[in-house]
Amino acid sequence: MSRLSQQATPLAEALNAQRINRLAHFDVPGHKGGRMNPELPDYFGKLCMSLDVNSMKSLDNLGHPVSVIKAAQELAAEAFGADNAFFMVNGTTSAVQTMIWATCGRGEKIILPRNVHRSAINALVVNGAVPVYINPGRDARLGIPLGMGVSDVQRAIEENPDAKAVLVNNPTYYGVCSDLETIVSLAHAAGMKVLADEAHGTHFYFHDKLPVSGMAAGCDMAAASLHKTGGSLTQSSILLCNDSVNPD
Ligand SMILES: Cc1ncc(COP(=O)(O)O)c(C=O)c1O
């Protein structure tokens, strides 16, 4: 795990260094630090344009990080209590899909709530994994869907012992949490992985008065929308894994 302190910002520092060194741009993006099209720096600001650069040796590469992105991901893993963390650039959609594709193949079952996000359904459409839906029920007074009941999850596991994983919304779009720790112990006892869709739960990692986070509850993987409840730039998300998942 990381030996840098949580105050370190290796990727931001590397980005800033290329700006201060006034690196000549012979690369994409074609705006060359904002010189090509003056409307862009007028609109976004010069600083922003000077930081919009391509992967290069000093800035590492998201596809196979070996230096500053790797160090930043290690810091993120430590901050979130995970064994490995991967920065995602296509939102939590890409993290949810990665979790499902890493766990279930064509014809293999995954247990998930009927109010799962469309990113998960689209993942199943693409790879042919088979959903076993649990009806989350509805709060009659508020008219909103709820989380998965423990007894419903237990029944689904018993009826589908061949399922590869259970996916849990932590929380749902409306902020409803299931009993994640109990679901994790039931699923693990049956040899199934637990995947947490934490599109709306990034903040759970940073306050002990909030519901338990996916990693703290023992989930195998979690997808957290940094750009929603974490406040980062749009499309940024994070995929968290514990040591039951091969990071490669
Ligand atoms: C529960 C849930 N999961 C996943 C996603 C996908 O997140 P993103 O917009 O970051 O791709 C959303 C988006 O609203 C969501 O509500």
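Keep in mind it's a predicted model, so treat the numbers as computed, not measured.

1. Things to note about the overall build of the chain
Alright, step 1. Across its full length, the chain carries nine helices and nine strands.
Alright, step 2. With respect to the three principal axes, the spread of C-alpha positions in the chain is 60 × 40 × 40 Å.
Alright, step 3. Put simply, the chain has 248 residues, and 37% of those count as buried.

2. With respect to the sheet that holds strand 8 (residues 221-224)
Alright, step 1. The strand order across the open sheet built from seven strands is 1-9-8-7-6-2-3, with neighbouring strands paired in mixed fashion. Each edge of the open sheet is held by one strand with a lone partner, namely strand 1 (84-88) and strand 3 (130-134). Ignoring which end each strand starts from, the neighbouring axes of this sheet average 20° apart.
Alright, step 2. Where strand 2 (residues 109-113) meets strand 6 (residues 165-169), two bridges bridge the pair, whose relative direction is parallel. Paired with Ile110 across the strands is Ala165, a residue of strand 6.
Alright, step 3. Sitting on the sheet, helix 5 (residues 91-103) touches strand 1, strand 2, strand 6, strand 7 (193-198), strand 8 and strand 9 (237-241), and the angle it makes with strand 9 is about 25°.
Alright, step 4. Its contacts with the sheet put helix 7 (residues 150-159) on strand 2, strand 3 and strand 6, and the angle it makes with strand 3 is roughly 145°.

Calculation rules
- Residues numbered from 1 in each chain as written.
- Predicted model: local features only at pLDDT ≥ 70, side-chain atom pairs only at ≥ 80, totals over all residues.
- Helix = DSSP H or I, 4+ residues; strand = E, 2+ residues; numbered from the N terminus.
- Buried ≥ 20, exposed ≤ 12 C-beta atoms within 10 Å, placed from the backbone.
- Pairing = 2+ DSSP bridges.
- Axes fitted to C-alpha atoms, helices over the stretch in contact; angles between N-to-C directions.
- Contact = placed C-beta atoms within 7 Å.

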